[in-house]
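Fold and contact review
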Amino acid sequence: MRWKRVWEGMIKIKRLKDKIDYNLPYRVYIDGRVVMELSNGEMRDYETLEGEHTIKIESDFFVSEEVKFTSYEGQIVEFECKPDHSESNFSKTMRKLFLGKLGISLEKKNDFYL
């Protein structure tokens, strides 16, 4: 019997080191399911099946936007996440209270093939 690989592509996700939320783990959701946690400054890999996927990051207090990406055989997609410093604490608090918990930046950085 010949074994077939059960994964097609991979994501690499790096949580940039920062003083905000440094002691809280970030939960990584792929297609709505928690697949790992990231500590401050940590980088991890996750194998994906070929096709369309979503990724989102969440901590106890904040969440990122959901990002769509496509995974292909032999492809590595890289993401970076960090606290979003683009707003003042007051506006973050107001947005959290009235519009939800946004406050984590999640960006697709690169994708390349092996």
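Preceding this paragraph is the structure being described.
Residues numbered from 1 in each chain as written. Predicted model: local features only at pLDDT ≥ 70, side-chain atom pairs only at ≥ 80, totals over all residues. Heavy atoms only, no water.

1. Some points on the overall build of the protein chain
Our working rule: Strands are runs of DSSP state E lasting at least two residues, helices are runs of H or I lasting at least four, and both sets are numbered from the N terminus onward. Contacts are assigned to residue pairs that have any heavy atoms within 4.5 Å of one another. Reported accessibility uses the Shrake-Rupley method at a 1.4 Å probe radius. Residues are deemed covered only where the shown protein chains occlude them.
Looking only at helices and strands, one finds one helix and eight strands in the protein chain. Across the protein chain, the fraction of contacts at a sequence separation of at least 24, relative to all contacts at a separation of at least 6, is 65%. Accessible surface, the protein chain: about 7,400 Å² in total, of which carbon and sulfur atoms supply 52%.

2. A look at the sheet that holds strand β4 (residues 43–48)
The criterion, for reference: Paired strands, as defined in this entry, are two strands with at least two bridges between them according to DSSP. Geometry is summarised by axes, namely lines fitted to C-alpha atoms with helices restricted to the contacting stretch, and by angles between N-to-C directions that run from 0 to 180 degrees.
Reading across from one edge, β4-β1-β7-β8 is the order of the four strands in this open sheet, with mixed pairing throughout. The sheet terminates laterally at β4 and β8 (104–113), the two strands that pair on one side only. Strand-to-strand, the axes of this sheet are offset by a mean angle of 20°, without reference to chain direction. Alignment of strand β1 (residues 9–15) against strand β7 (residues 75–83), held across six bridges, turns out to be parallel. Of the residues in β7, the one forming a bridge with K14 is E80.

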